[in-house]
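Residues per chain are reported as follows:
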Amino acid sequence: GSLGIEALSMGADRCYFVDNNKDILRYLNKNINNLGINSKSIIVSKDYRDSLLYFKNNNIKFNIVLVDAPYKMEVMEEVIELVTKYDLLLDNGILVLEYSFDKLNDKYDNLELIRSKKYSDKYVNIYRKIID
């Protein structure tokens, strides 16, 4: 949730927070209430697959998607596949992935790597949706 809270503090209009861990959601709810950002925050209590499908089914698209899954879960390739398959990014939308395993590809379908950085034992890749 810290990435979403930071995005809101930097001027984002709205943020969807996705998690299915009840303890994390309780802590996130507390932070959102303490910071007074309830009107800009939507909490989706689902796993990543169900939440991405929820966004697709409700025609919700994003300028920026920030993914910071638990490091032991090697799900980034699947997340990329679902984000592109469900067309969840607006034109020129950004997908930011933080992960700690083998390097990802430079291009996926209509996503192109625009920046990659290694920080200690983790990586951050930033992809942009290519407009045809």
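Here the structure is shown first, and the text comes after it.
None of the values given here were measured: they were computed from a predicted structure.

Considering the overall build of the protein
Inference 1: Each helix and strand counted, the protein has four helices and seven strands in total.
Inference 2: Along the protein, helices (α) and strands (β) appear in the sequence α-β-α-β-α-β-α-β-β-β-β when read from the amino end.
Inference 3: Taken over C-alpha atoms, the radius of gyration comes to 15 Å for the protein, in line with the 14 Å a tight globule of 132 residues would show.
Inference 4: In terms of overall dimensions, the protein has a C-alpha envelope of 40 × 35 × 25 Å along the principal axes.
Inference 5: Evaluated residue by residue, the protein yields a buried proportion of 36% over its 132 residues.
Inference 6: Sequence-distant contacts, at least 24 apart, represent 62% of the contacts inside the protein between residues at least 6 apart.

The rules behind each value
Residue numbers here run from 1 along each chain, matching the order of that chain's written sequence. Only residues with pLDDT of 70 or above have their local features reported here, since the model is predicted, and side-chain atom pairs are shown and tallied only from 80 upward, although totals for entire chains, interfaces and linings are computed over all residues. Calculation of side-chain values draws on the structure's entire complement of heavy atoms; hydrogens and water are dropped beforehand. Here a strand is any run of E in DSSP of at least two residues, a helix any run of H or I of at least four, and the numbering for each starts at the N terminus. Taken over C-alpha atoms, the radius of gyration is set against a globule rule of 2.2 Å times the number of residues to the power 0.38. Throughout, exposure labels follow a simple rule: accessible area from a 1.4 Å probe, protein chains only, divided by the maximum for the residue type, with under 20% read as buried, over 50% as exposed, and the rest as partly exposed. Contacts are assigned to residue pairs with any non-hydrogen atoms lying within 4.5 Å of each other.

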